[in-house]
Amino acid sequence: MSDFDAITITEEAVTALKSFQLPEDLAFGKVMAPVMIECTYNQGTWSEAKLVPYRKLTLDPTCKVLHYAQEIFEGLKGYHTNGAGPFLFRHEENMKRFNLSAERMAMPPVPEKVFNQGVEAITSYCAHLIPKKSGDSLYIRPFMFATENNLGIKPSEHFSFLIVASPSQAYFSSGSVKVLVEREAVRACPGGVGHAKTGGNYAASLLSMINAKKKGYDQVLWLDAVTKSNIEEMSGMNFFAVYGDKIVTPSLTETILNGITRKSIIELARHQGIEVEETTMKIDDLLADIKSGKCTEAFACGTAVIITPVDTLGLASGETFPLQHEQGPISKQLRQALLDIQEGTGDDPFGWRKELTPKV
Ligand code: COI
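What you are looking at is a predicted structure, and each value in this text was computed from that prediction instead of being measured.

**Observations concerning helix α8 (residues 283–292)**
Now for step 1: Residues of α8 that are buried include every one of Ile283, Leu286, Leu287, Asp289 and Ile290, and no others. Seen from one end, α8 has its buried residues packed into an arc of 160°, which puts them on one side. For α8, exposure combined with an orientation more than 90 degrees from the buried face picks out Lys291 and Ser292.
Now for step 2: Contacts made by the buried residues of α8 are with β10 (177–182), β11 (219–222), β12 (238–243), β16 (306–314) and β17 (320–322).
Now for step 3: Of the residues flanking the end of α8, it is glycine 293, one or two places downstream, whose phi is positive at about 90°.

So, in structure tokens, the structure goes:
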């Protein structure tokens, strides 16, 4: 008898899990668990959601997602590092954001119970595949895409909702990132889809990332599309600067993804007595503050990267603004406090963690 009344656990999925051998070298998002959650939407009706063996998809060449990019996703993690668990962290927040992205992209909401129980079921059934080292996890990727087959530009009436999972190590193996300030291209504009977690926002970032890599950087820092003077985010990561014992981050706008890690860091920092400022952050002020030593640390944060220090900010002109290669004291304190909650090694004063029962 399953604990998940919204998800059918197939025998084939359990067989696939029992015969799966986890490779030793995992990296991030490369090794996939042998099962996935799958359900479909057809003209107003959702099918039964099932845990099934991982498989390749067959798509018609006119499938709308391939042409018009009607697609959304989420990223979250299951943790199983200290013998207890597995644990999920604020997965209901991912469900809410997923359905906000769905609304913006003219897609149907996924039933809340299917999203939440789907994430819980894949984590419980893959508990034995979650790497045990602190910082490692099961990276869980729910996603939905348009499956209607024809080339007319109009919202699809058919969708697939899937959840796949990847036993993963840290996102950045180097432990810190070098970031190039992007003063030309933009990621998102007012009235657009920057606040939705949709693939096109990430596709829009790739050319800048190639250019940044050629200059020796790992990531780019996006500025607002209108004035090109205010810091926004880093594609898959939000941005914080540390001024002594205060942390500062751009206020949310419709062109910034509302990061769940960002939000958690703000709540956690305030709980620990660290001052937090959400404000318009001018890039020129930040660069001057790094030069003068007023800004003492900066970090990227997100589900995948947790809290990763920014080693250097740079400009296309070649000018660099070095920070700390190692984690500074505030980044280190917040990263550990966050991981303690997520991994079950510390108290959870906010009730953010959900403990599940391992299956298989
Ligand atoms: C996440 O942190 O889950 C993200 O969405 C980043 C990802 C694009 C790797």
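**Considering the site of the ligand**
Now for step 1: Surrounding the ligand, one finds Gly75, Tyr139, Arg141, Tyr171, Lys197, Tyr202, Gly236, Thr303 and Ala304.
Now for step 2: Side-chain polar atom of lysine 197 to an oxygen atom of the ligand: 2.5 Å apart, as the coordinates give it.
Now for step 3: Alanine 304 has a polar backbone atom sitting 2.8 Å from an oxygen atom of the ligand.
Now for step 4: Its free accessible area being 280 Å², the ligand has 86% of it covered by the protein chains.
Now for step 5: Taken atom by atom, the bulk of the ligand overlaps the largest pocket.
Now for step 6: Classifying every residue of the shell around the ligand by side-chain character gives four nonpolar, three polar and two charged.
Now for step 7: Summarising the domain contributions, the shell around the ligand has at least three residues from each of domain 1 (7–168) and domain 2 (177–342).

**Some words on the environment of aspartate 136**
Now for step 1: Position of aspartate 136 among the secondary structure elements: in the loop between α4 (112–125) and β8 (137–146).
Now for step 2: On the basis of relative accessibility, which here comes to 6%, the residue aspartate 136 falls in the buried class.
Now for step 3: Dropping the residues within four chain positions of it, aspartate 136 is found in contact with Tyr79, Thr81, Pro131, Ser168, Gln169, Ala170 and Glu343.

**Here's the deal with the pattern of salt bridges**
Now for step 1: Across all of its chains, the model carries 16 salt bridges by this definition.
Now for step 2: Here arginine 97 makes a salt bridge to glutamate 74, at a shortest N to O gap of 2.7 Å. Placement of arginine 97 in helix α3 (residues 91–104) and of glutamate 74 in the loop between β5 (71–73) and β6 (76–79) is noted, with a sequence separation of 23 residues between them.
Now for step 3: Exposure remark for arginine 97: the relative accessible area of 10% places this residue in the buried category.
Now for step 4: Its salt-bridge partner being lysine 246, residue glutamate 277 comes within 2.7 Å of it at the nearest N-O pair. With glutamate 277 in strand β14 (residues 275–279) and lysine 246 in strand β13 (residues 246–250), the pair connects residues that are 31 residues apart, well separated along the chain.
Now for step 5: Taking the relative accessible area as the measure of exposure, glutamate 277 reaches 29% and is therefore partly exposed.
Now for step 6: Taken together, the shared-partner salt bridges in this structure form one network comprising Glu93, Lys96 and Lys263.

**A short note on the domain arrangement of the chain**
Now for step 1: Along its sequence, the chain is organised into domain 1 (7–168) and domain 2 (177–342).
Now for step 2: Between domain 1 and domain 2, the C-alpha centre-to-centre distance is 27 Å.
Now for step 3: It is Phe89, Arg97 and Arg104 in domain 1 that bury the most area against domain 2; as a group they hold 32% of the surface buried on that side.
Now for step 4: At the boundary of domain 1 with domain 2, the tally comes to two salt bridges.
Now for step 5: For the pair domain 1 and domain 2, the number of links is 13 residue pairs in polar contact (both at pLDDT 80 or more).
Now for step 6: Taken together, the elements giving at least two residues each to the side of domain 1 that touches domain 2 come down to β5, β6, β7 (87–89) and α3.
Now for step 7: For the side of domain 1 that touches domain 2, the class distribution of residues is ten nonpolar, five polar and seven charged.

**Quick look at the layout of surface pockets**
Now for step 1: Approximately 530 Å³ is the volume attributed to the largest pocket.
Now for step 2: Considering the residues around the largest pocket, the lining is formed by 30 residues, among which Tyr171, Lys197, Tyr202, Ser235 and Gly236 are closest to the centre.
Now for step 3: When residues of the lining of the largest pocket are traced back to their parent elements, those giving at least two are β8, α6 (206–214), α7 (260–271) and β15 (297–302).
Now for step 4: A total of three residues in the lining of the largest pocket trace back to one element, the largest contributor, which is α6.
Now for step 5: Among the residues making up the lining of the largest pocket, the classes are represented as 14 nonpolar, ten polar and six charged.
Now for step 6: Taken as a whole, the second largest pocket encloses approximately 390 Å³ of empty space.
Now for step 7: Classifying every residue of the lining of the second largest pocket gives ten nonpolar, ten polar and four charged.

The rules behind these values
Residues numbered from 1 in each chain as written. Predicted model: local features only at pLDDT ≥ 70, side-chain atom pairs only at ≥ 80, totals over all residues. Heavy atoms only, no water. Buried < 20%, exposed > 50% of the residue type's maximum accessible area, 1.4 Å probe, protein only. Helix = DSSP H or I, 4+ residues; strand = E, 2+ residues; numbered from the N terminus. Arc of directions from axis to C-beta. Contact = heavy atoms within 4.5 Å. Near = heavy atom within 4 Å. Polar contact = N/O pair within 3.5 Å; in protein donor to acceptor, adjacent residues only side chain to side chain. Areas by Shrake-Rupley, 256 points an atom, 1.4 Å probe, with all protein chains shown as cover. 1 Å grid on protein atoms, 1.4 Å probe; cavity = no way out; pocket = protein on both sides within 12 Å on 5 of 7 lines; lining within 4 Å. Sits in = over half its atoms within 2 Å of the grid points. Nonpolar A, V, L, I, M, F, W, Y, C, P; charged D, E, K, R; others polar. Domains from an automatic or database assignment. Salt bridge = Lys/Arg side-chain N within 4 Å of Asp/Glu carboxyl O. Buried area = accessible area lost by both parts, 1.4 Å probe. Points joined across faces, edges and corners; volume = space filled by probe spheres on them.

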